[in-house]
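Chain by chain, the residues:
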Amino acid sequence: LTREEVRRMYINLLRTDLESYRRLKKAALRNLELFLNVQETKMVKDNTEWQSTKDEHDLKEMELANSGLASAIIQVYWSTILNSYYTDCSDVRMDVVRVVTLTLKQGLVTPGSSIPTLIAMSTDPEPRIRSSVERALRDIDSKYSGMVMSKAITGIRQAFRLRKILKIDANNIVRGIRSLELLPTPSTSGRLPEDKRVLFECMKNSQACFILLYLKSFLMKLYGFTDAKLQEYSPSEAAKVYEKAVNTRRNMAMFNPQSALLELSPEAALKRDTVAGHIEMASQIVAYLRVYCPIIPPEGYGLKPH
């Protein structure tokens, strides 16, 4: 792999997407995977041997010596390996994923350059590819906080690049990175579940909360209340003698919580399990969180207050 002619041959094979060279391209990727597996096995063996001779050898020096060679070799091919992922051949894409995840697992490269391609991989139609990559992204995010999100825009562009190559129908939903897992929010998943019946029921029931909020806002405007005044009120306290009844009411349109009523209509139920319905539901979830996040204290989400 270090010889100049071999390097040129491998890079040319990885760059081409001609079907006539596809078998050789896959062979090149599998040779790189084999090289990484051999290096990993060697490191495990060295570690085992060190246990018996640890007084004579420094494990850190041994690891650096082994990983240094592997890192130097893989970095020669790294950008070409990442670019070779963008092909319509799922077998080639899977081979690339194996090489990339092994490289990252062994810490042979800094992960930053691979994140956009990993994000694109997380939108791959192949479930086996997505599952492998999601683990890698989580590992990166746990070790390097914020790094994944800093590359998110570039990752979206790379996902679009993959989408064009695969000629995916524009009406199909793209499964992708669970970005909300990487954000400091109470949310636990950025992807809607396959079975959405429970979610539909929750969204339907949430309209009661919205109606109460709309009613509160309506009454505050109608009678000129302020939030401070409402905070002073306690239903358990007896009415004070000197308190006066509200006599003034403003001229306002009739109370009409339109969005809640629309959500409870039969037409809304019919379009729930459609692409448009899923998008609208996601928007409603965001709206719900925006309304309730400031109201519910952090303890309500099981979080500790700052």
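Note that the coordinates shown come from a computational prediction; the quantities given were computed from them, not determined experimentally.

Undergrad: Account for the overall build of the chain, with residues named and values stated.
TA: Secondary structure summary: the chain contains 13 helices and zero strands in total. In sequence order, the chain lays out its α and β elements as α-α-α-α-α-α-α-α-α-α-α-α-α. Of all 306 residues assigned to the chain, the portion counted as buried reaches 33%. Nonlocal contacts in the chain, meaning residues at least 24 apart in sequence, comprise 69% of its contacts between residues at least 6 apart. Surface exposure of the chain reaches about 19900 Å², of which carbon and sulfur atoms provide 57%.

Undergrad: Any chance you could break down the side chain of Glu33 for me, citing the residues and the numbers?
TA: Mapped onto the elements of the fold, Glu33 is located in helix H2 (residues 22-52). For Glu33, a relative accessible area of 15% corresponds to the buried category. Among the polar contacts listed, one links the side chain of Glu33 to the side chain of Arg98, at a separation of 3.4 Å. Once residues within four sequence positions are removed from consideration, Glu33 is found in contact with Arg98, Val99 and Leu102.

Undergrad: Give a description of the nonpolar core that names residues and reports values.
TA: Ile81, Val100 and Met121 are the most contacted members of the largest nonpolar core, which has 43 residues in total. Per-element accounting of this core gives the leading share, eight residues, to helix H4 (residues 90-105). Once residues lying within four places of it in the same chain are set aside, the contact partners of Val100 are Trp78, Ile81, Leu82, Leu118 and Met121.

Undergrad: Which residues make up the pattern of salt bridges, and what values go with them?
TA: Counted under the stated rule, the structure contains 15 salt bridges. Arg3 serves as the salt-bridge partner of Glu5, at 2.6 Å between the closest nitrogen and oxygen. The partner of Asp17 in a salt bridge is Arg22, with the nearest N and O atoms 3.5 Å apart. Taking relative accessible area as the criterion, Asp17 reaches 35% and is therefore assigned partly exposed. Here the residues in one salt-bridge network are Asp17, Arg22, Lys25 and Asp88, joined through shared partners.

Analysis parameters
Residues numbered from 1 in each chain as written. Predicted model: local features only at pLDDT ≥ 70, side-chain atom pairs only at ≥ 80, totals over all residues. Heavy atoms only, no water. Helix = DSSP H or I, 4+ residues; strand = E, 2+ residues; numbered from the N terminus. Buried < 20%, exposed > 50% of the residue type's maximum accessible area, 1.4 Å probe, protein only. Contact = heavy atoms within 4.5 Å. Areas by Shrake-Rupley, 256 points an atom, 1.4 Å probe, with all protein chains shown as cover. Polar contact = N/O pair within 3.5 Å; in protein donor to acceptor, adjacent residues only side chain to side chain. Core = buried A, V, L, I, M, F, W, Y, C linked by side-chain atoms within 4.5 Å. Salt bridge = Lys/Arg side-chain N within 4 Å of Asp/Glu carboxyl O.

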